[in-house]
Amino acid sequence: MTSRVLAGTVRRTGDDDADLARAAHLAHSSKDLEEHEYAVRSVARALEPYCSSMNVPESPFVLDLPNVLHLATDVTGVLHEQASSLAIAAALHPTAAVCGTPTDAAAALIAEIEGMERGRYAGPVGWFGADGDGEWGIALRSAELAGPGDDGDPGAAHRVRLFAGCGIVAASDPEAELHESDAKLEPMRYALA
Ligand SMILES: C=C(O[C@@H]1C=C(C(=O)O)C=C[C@H]1O)C(=O)O
């Protein structure tokens, strides 16, 4: 079983040399490494009961996506019982990257201060077969479609609501986090433009 943890992000510039410098900066940013560590630890903790052995790399690599760079860690393990991938996805949800840690305290705080209904955003999405094998991801950077009347306003046009967010740690800078969310919204904005 492999679980890829993503946490810690910078926007790409489109220029290879500048992006290389950003990747090096990300890989050494104490704020992003701390944020990443929280996410890795939450995943490792959730997977531990299902695994007879686990490998949790000590430092992340930089994952290169078209519009952002992420810190990434592949946590791998040998399952000691035939747990279905659905049960494992349920044990992992919600990870520190989308909720926080410790989970209960973070979820309660989000319910109190986030001020929005997440809908399906940050929920697990994937497949599993009759033998329990499967693959799951987290529904981030997504869109919710509403037709006329769906939100109680029969005169309203079709609406598309886009979702993206970021992990917040003590060293987070609000402006930078907003900028990061904007970068994460770009692929959906581009798809709709
Ligand atoms: C919360 C989102 O992304 C998560 C948070 C990240 C971060 O804060 O660096 C990176 C990847 C995801 O684990 C999102 O895209 O909405």
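Residues numbered from 1 in each chain as written. Predicted model: local features only at pLDDT ≥ 70, side-chain atom pairs only at ≥ 80, totals over all residues. Heavy atoms only, no water.

If you check helix α5 (residues 174-192), its first and last C-alpha atoms are 27 Å apart, about what 19 residues at 1.5 Å a residue would give, namely 27 Å. For α5, every residue scored as buried is listed here: E177, E180, S181, A183, K184 and L185. (Helix = DSSP H or I, 4+ residues; strand = E, 2+ residues; numbered from the N terminus. Expected span 1.5 Å × (residues − 1). Buried < 20%, exposed > 50% of the residue type's maximum accessible area, 1.4 Å probe, protein only.)

This paragraph deals with the pattern of salt bridges. Overall, the coordinates contain ten salt bridges when judged by the stated rule. Where K31 meets E177, a salt bridge forms, and the shortest distance between an N and an O atom there is 3.0 Å. With a gap of 146 residues between them, K31 in helix α2 (residues 30-47) and E177 in helix α5 connect regions that are remote in the sequence. Just as K31 is buried, E177 falls in that class too. Linked through salt bridges whose partners overlap, the residues forming this network are K31, D32, E35 and E177. (Salt bridge = Lys/Arg side-chain N within 4 Å of Asp/Glu carboxyl O.)

Close contacts around the ligand come from 16 residues, with L6, T9, Y121, R141 and G165 the closest. E35 has a polar side-chain atom sitting 2.9 Å from an oxygen atom of the ligand. Between the ligand and G165, the relevant distance is 2.7 Å, taken from an oxygen atom to a main-chain nitrogen or oxygen of the residue. Taking 390 Å² as the accessible area of the ligand by itself, protein coverage stands at 97%. Looking at the shell around the ligand, the elements that each hand over two or more residues are β1 (2-11) and α5. At four residues, the largest contribution of residues to the shell around the ligand is made by β1. When the residues that make up the shell around the ligand are grouped by side-chain class, the tally is seven nonpolar, five polar and four charged. (Near = heavy atom within 4 Å. Polar contact = N/O pair within 3.5 Å; in protein donor to acceptor, adjacent residues only side chain to side chain. Areas by Shrake-Rupley, 256 points an atom, 1.4 Å probe, with all protein chains shown as cover. Nonpolar A, V, L, I, M, F, W, Y, C, P; charged D, E, K, R; others polar.)

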